[in-house]
Number of protein chains: 2
Amino acid sequence: MFTKRQKNIVVIGGGTGTYTVLSGLKKYPPDLFDLTAIVTVADSGGSTGRLRDEFGYLPVGDFRMALVALADDSEVGNALRSLFLHRFDKGEGLKGHNFGNLFLVALTDIFGSEERAIEYASQMLRVRGRVLPVTSEKITLAAEYESGHTVKGETYIDEPPESHDGTQKIKRLWIEPEARISERAREAIASADLIIMGPGDLYTSILASVVVPGTKEALVSSKGKLLFVLNLMSKYGQTHNFTANDHLTELIQYTGRNPDYVLVNNNNLPEDILEAYYAQKEFPIADDLEEGSAAIIRNDFLASEEVKKKSGDTLRRSLIRHDPDKLARAIIEIM
Amino acid sequence: MFTKRQKNIVVIGGGTGTYTVLSGLKKYPPDLFDLTAIVTVADSGGSTGRLRDEFGYLPVGDFRMALVALADDSEVGNALRSLFLHRFDKGEGLKGHNFGNLFLVALTDIFGSEERAIEYASQMLRVRGRVLPVTSEKITLAAEYESGHTVKGETYIDEPPESHDGTQKIKRLWIEPEARISERAREAIASADLIIMGPGDLYTSILASVVVPGTKEALVSSKGKLLFVLNLMSKYGQTHNFTANDHLTELIQYTGRNPDYVLVNNNNLPEDILEAYYAQKEFPIADDLEEGSAAIIRNDFLASEEVKKKSGDTLRRSLIRHDPDKLARAIIEIM
């Protein structure tokens with residue numbers, strides 16, 4: 001399937017899952033494929049949310065993660081990566097802030113736009129490929145649940161309050177106010193050979209970009225193959241009790257396309273770590289997929305080393321993760 | 001006077017004056033001379049002071065200025081310089097903070113020492129030469145005035161409260177608690193061919209480093225020539241009514257050496273800008289120097305362009321400045 005023409009890979013998402021995919025793909029030689037990350041701008045919680053409220057800029061947390069994933073591995077590059085991931089645990093007003101977020105906000109202050117801030121940060125971090133916000137407009141993610149109840153703000157969908165019944169399915173996801181996919185993001189999808197979604201929070205990280213008007217149309221008209229990486233665990237409040245097929249059904253509905261490939265981990269999840277997930281009402285996703293329009297690729301995609309929860313981080317983080325290299329290898333084989 | 005051996009220039013100070021000298025010297029080819037900035041760690045005000053109090057690290061503001069002065073002029077370098085000089089004007093707890101200060105604090109968090117933080121920042125900014133804290137110990141600057149009144153904390157000496165009589169001379173300057181000059185700073189002075197002090201606040205920027213135990217001894221035993229750049233204006237609270245000779249007398253007393261060269265501006269200061277200074281009780285310094293042990297070099301060292309006060313900056317900034325290139329040219333001629 002390889003030709004001399006460089007392939008274009010587009011990864012759509014945000015957060016840890018996209019970080020994993022990008023950091024695996026980054027290690028391959030640049031002449032093998034071009035790499036674009038199209039990143040959600042719906043985030044409204046944590047350090048990112050505070051900055052978003054106070055500065056009125058696009059939320060920076062997901063850009064930051066994608067930039068760090070694609071940053072080079074030199075000594076200075078690694079120091080910059082550490083900086084971008086550093087969270088202050090002291091300082092009035094600084095505590096809880098992620099330094100990478102402040103970095104991007106300061107660059108936006110100076111250069112007047114988030115796009116230029118990302119470009120400069122990309123140069124400093126010597127990133128492989130590019131990171132694009134899905135839209136340059138300030139949007140709010142909204143969800144309507146089965147019950148008819150509506151929630152606005154990504155953070156309230158991602159981390160619902162105690163009072164919320166997390167077994168409720170999300171019936172409808174949209175953004176407010178009206179916005180359009182950015183021209184650069186649209187073009188990247190149009191000229192993609194492979195479009196990757198997942199792993200990651202189905203609604204708040206993946207579909208949050210898909211529901212930006214123009215994205216679905218771009219996906220439907222793109223000749224690029226669509227690859228979906230299935231999550232390892234369900235998520236209370238978003239995908240509670242979802243089987244693999246439930247994930248796929250939602251993805252097909254929102255994207256308007258059948259994925260061409262689905263990557264599914266078939267290695268056993270470590271029982272001792274699972275306990276912590278059960279306490280959070282998160283469970284392994286049952287694999288009920290049948291070969292149909294999509295090629296189902298089952299393999300060991302599990303990170304063998306336990307991923308440590310980061311201290312000073314106010315958000316809960318997964319400890320069972322995909323392995324960047326195993327995912328990347330499977331993706332390259334498909335291409 | 002030039003030989004094949006590379007000359008070593010050491011600049012001792014902090015703040016805007018040192019910034020001016022360093023940014024002029026930086027433009028000369030690196031093989032002409034090696035450049036070391038030995039920077040005060042007494043600063044206790046503004047963004048730097050807040051961070052110092054909250055994180056317990058050495059104050060970073062003077063390092064930051066020296067690093068920026070020595071940073072390279074590439075596009076990415078310039079963006080980093082802008083970042084290091086950027087001051088947030090929004091954000092709870094962020095407002096008033098200088099981004100470069102946060103950068104250095106985050107690096108110190110990550111790498112565990114101010115020295116390593118400065119080294120990494122130097123690599124990122126691709127600085128010419130090196131920046132060294134005069135000591136790695138946390139110190140407080142203290143001053144006793146003619147009246148017998150004692151003040152502790154650099155910021156209270158630099159910007160005395162309304163109640164303080166700024167015409168009072170500082171009788172004694174010292175640091176608390178006990179500390180020593182760092183070994184690297186001591187070695188830099190020992191192997192210097194030229195040691196530059198000034199321009200800048202005589203007590204809070206220049207002598208603040210000289211009173212760190214071990215510095216005076218290093219200065220006295222160094223074979224390097226001592227060059228003093230006289231300030232343009234006196235400063236209420238520090239050098240009120242000081243003539244040029246008064247400055248020199250103090251310098252000689254604290255350093256234990258006669259300077260070999262004194263650079264004195266002889267170009268007229270712009271009358272319209274002076275008005276603003278008079279309102280702050282700051283006046284042009286009378287040149288009463290006579291040729292003695294030091295060579296007095298009088299020339300036009302004045303910046304011809306008006307230096308704008310930076311918005312968002314809570315500290316008062318001088319508008320009459322030395323010209324970096326004119327100073328550097330005179331320094332090179334001396335060497």
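The structure this text deals with has already been given above.
Attention here is on the structure that accompanies the text. (Residues numbered from 1 in each chain as written. Chains lettered and ligands numbered in written order. Predicted model: local features only at pLDDT ≥ 70, side-chain atom pairs only at ≥ 80, totals over all residues. Heavy atoms only, no water.)

## Digging into the relation of the copies chain B and chain A
- Under the fitted operation, chain B is carried onto chain A by 0.0 Å of movement along the axis and a turn of 180°, and the coordinates agree to an RMSD of 0.0 Å. This pairing of chains is accounted for by a two-fold axis. Among all C-alpha atoms of chain B, that of Gly-93 of chain B lies closest to the rotation axis, at 1.8 Å.
- The share of interface residues of chain B whose copies in chain A are also at the interface is 100%, consistent with both copies meeting through the same surface. (Least-squares fit on C-alpha atoms with pLDDT ≥ 70 in both. Contact = heavy atoms within 4.5 Å.)

## Comments concerning the pattern of salt bridges
Residue and element names in this part refer to chain A.
- Under the definition given, this model contains 32 salt bridges over all chains.
- The shortest N-O distance in the salt bridge between Arg-186 and Glu-183 comes to 2.7 Å. Linking Arg-186 with Glu-183, this pair stays in helix H8 (residues 183–190), spanning three residues, or about one helical turn.
- The exposure class of Arg-186 is partly exposed, given its relative accessible area of 32%.
- By relative accessible area, which is 42% here, Glu-183 ends up partly exposed.
- A salt bridge links Arg-298 to Asp-287; the nearest nitrogen and oxygen atoms lie 2.5 Å apart. Of this pair, Arg-298 sits in strand S10 (residues 295–299) while Asp-287 sits in the loop between helix H12 (271–279) and S10, placing them 11 residues apart in sequence.
- A network of salt bridges, in which partner residues are shared, links Lys-26, Asp-73 and Arg-81. (Salt bridge = Lys/Arg side-chain N within 4 Å of Asp/Glu carboxyl O. Helix = DSSP H or I, 4+ residues; strand = E, 2+ residues; numbered from the N terminus. Buried < 20%, exposed > 50% of the residue type's maximum accessible area, 1.4 Å probe, protein only.)

## Digging into the packing of helix H2 (residues 46–55) of chain A against helix H5 (residues 99–111) of chain A
All names here are of chain A.
- Remark: H2 packs on H5, axes separated minimally by 10 Å, with the N-to-C direction vectors making an angle of 20°. One way to sum up the angle between H2 and H5 is to call them roughly parallel. Viewed along their axes, H2 and H5 form a crossing whose handedness is right-handed. Touching Ser-47, Thr-48, Leu-51 and Phe-55 of H2 are Asn-101, Leu-102, Val-105 and Asp-109, all from H5.
- For the contact of H2 with H5, the class distribution of residues is four nonpolar, three polar and one charged. (Axes fitted to C-alpha atoms, helices over the stretch in contact; angles between N-to-C directions. Parallel < 35°, antiparallel > 145°, perpendicular 65-115°, else oblique. Left-handed = near helix turned anticlockwise from the far one by under 90°. Nonpolar A, V, L, I, M, F, W, Y, C, P; charged D, E, K, R; others polar.)

## Details of the interface of chain B and chain A
- With 31 residues of chain B at the contact, the number on the chain A side is 31 residues.
- Across the interface of chain B and chain A, roughly 2700 Å² is buried in total on both sides, 72% from carbon and sulfur atoms.
- Along the contact surface separating chain B from chain A lie zero salt bridges.
- Listed by contribution, the elements that provide at least two residues to the side of chain B that touches chain A are helix H2 (46–55), helix H4 (75–85), helix H5 (99–111) and helix H6 (114–125) of chain B.
- Here the side of chain B that touches chain A gets nine residues from one element, more than from any other, and that element is H5 of chain B.
- Here the residues of the side of chain B that touches chain A are counted per class, giving 19 nonpolar, six polar and six charged. (Buried area = accessible area lost by both parts, 1.4 Å probe.)

## Considerations on the nonpolar core
- If you look at the biggest cluster of nonpolar residues, it comprises 214 residues, and the most contacted ones within it are Leu-25 of chain A together with Leu-25 of chain B.
- Here Leu-25 of chain A is in contact with Ile-9, Val-11, Phe-33, Leu-35, Arg-128, Ile-196, Ala-328, Ile-331 and Ile-332 of chain A, once residues within four sequence places are set aside.
- Core analysis: the second largest hydrophobic core is formed by nine residues, Leu-232, Leu-274, Leu-319 and Ile-320 of chain B among them. (Core = buried A, V, L, I, M, F, W, Y, C linked by side-chain atoms within 4.5 Å.)

## Some remarks on the packing of aromatic side chains
- Tallying each qualifying case throughout the model produces 22 aromatic pairs over all chains.
- Ring plane angle 85° and centroid distance 6.4 Å describe the contact between Tyr-203 of chain A and Tyr-254 of chain A, whose orientation is recorded as edge-to-face. Taken together, the residues Tyr-203 of chain A in helix H9 (residues 202–210) and Tyr-254 of chain A in helix H11 (residues 244–255) connect sequence positions 51 residues apart. Of the two residues examined, Tyr-203 of chain A and Tyr-254 of chain A, each falls in the buried class.
- Centre to centre, the rings of Tyr-28 of chain B and Phe-33 of chain B are 6.4 Å apart; their planes meet at 45°, and the pair counts as tilted.
- Overall, the relative accessible area of 22% leaves Tyr-28 of chain B in the partly exposed class.
- Given a relative accessible area of 0%, Phe-33 of chain B falls into the buried group. (Phe/Tyr/Trp six-rings, centres within 6.5 Å; stacked < 30°, edge-to-face > 60°.)

## Brief notes about the sheet that holds strand S5 (residues 150–152) of chain A
Residue and element names in this part refer to chain A.
- Spatially, the three strands line up as an open sheet ordered S5-S4-S6, and their pairing is antiparallel. Looking at which strands have only one partner, the edges of the open sheet turn out to be S5 and strand S6 (170–176). With strand direction ignored, the average angle separating the axes of adjacent strands in the sheet is 20°.
- Sheet strands touched by H9: strand S4 (140–145) and S6. Its angle to S6, the strand with the most contacts, is close to 55°. (Pairing = 2+ DSSP bridges.)

## Remarks on the sheet that holds strand S9 (residues 261–265) of chain A
Residue and element names in this part refer to chain A.
- Spatially, S3-S2-S1-S7-S8-S9-S10 is the arrangement adopted by the seven strands of the open sheet, whose pairing is parallel. The open sheet has two free edges, formed respectively by strand S3 (130–133) and S10, since each of these has just one partner strand. Going across the sheet, the axis of each strand differs from the next one's by a mean of 20°, ignoring polarity.
- In this structure, strand S1 (residues 7–13) lies alongside strand S2 (residues 33–39), joined through seven bridges in parallel fashion. By the bridge assignment, Val-10 is partnered in S2 with Thr-36.
- Where helix H1 (residues 15–25) meets the sheet, its contacts fall on S1, S2 and strand S7 (194–197), and the angle it forms with S1 comes to roughly 160°.

## Observations concerning the side chain of Gln-168 of chain A
Residues and elements named next belong to chain A.
- Along the chain, Gln-168 turns up in the loop between helix H7 (154–158) and S6.
- For Gln-168, a relative accessible area of 18% translates into the label buried.
- At a separation of 3.4 Å, a polar atom in the side chain of Gln-168 contacts the main-chain amide nitrogen of Glu-146.
- Of note is the side chain of Gln-168, whose polar atom sits 2.8 Å from the backbone nitrogen of Ser-147.
- Those residues in contact with Gln-168, other than ones at most four positions away along the chain, are Tyr-145, Glu-146 and Ser-147. (Polar contact = N/O pair within 3.5 Å; in protein donor to acceptor, adjacent residues only side chain to side chain.)

## Here we look at unusual backbone geometry
- Pro-177 of chain A follows Glu-176 of chain A through a cis peptide bond whose omega is -15°.
- If you trace the backbone, Pro-177 of chain A turns up in the loop between S6 and H8.
- Along the chain, Gly-198 of chain B connects to Pro-199 of chain B via a cis peptide bond; the corresponding omega equals -5°.
- Relative to the elements of secondary structure, Pro-199 of chain B occurs in the loop between strand S7 (194–197) and helix H9 (202–210).
- With a phi angle near 45°, Arg-126 of chain B is a residue other than glycine that sits in the positive phi range.
- Of note, Arg-126 of chain B is situated in the loop between H6 and strand S3 (130–133).

## Some remarks on the packing of H5 of chain B against H6 of chain B
Residue and element names in this part refer to chain B.
- The interhelical angle for the contact between H5 and H6, taken along N-to-C directions, is 120°, at an axis separation of 8 Å. Classified by the angle their axes make, H5 and H6 are oblique. Seen from above, H5 lies across H6 with right-handed handedness. Facing H5, whose interface residues are Phe-103, Leu-104, Leu-107, Thr-108 and Phe-111, H6 presents Glu-114, Arg-116, Ala-117, Tyr-120, Ala-121 and Met-124.
- Looking at the contact of H5 with H6 residue by residue, the classes come out as eight nonpolar, one polar and two charged.

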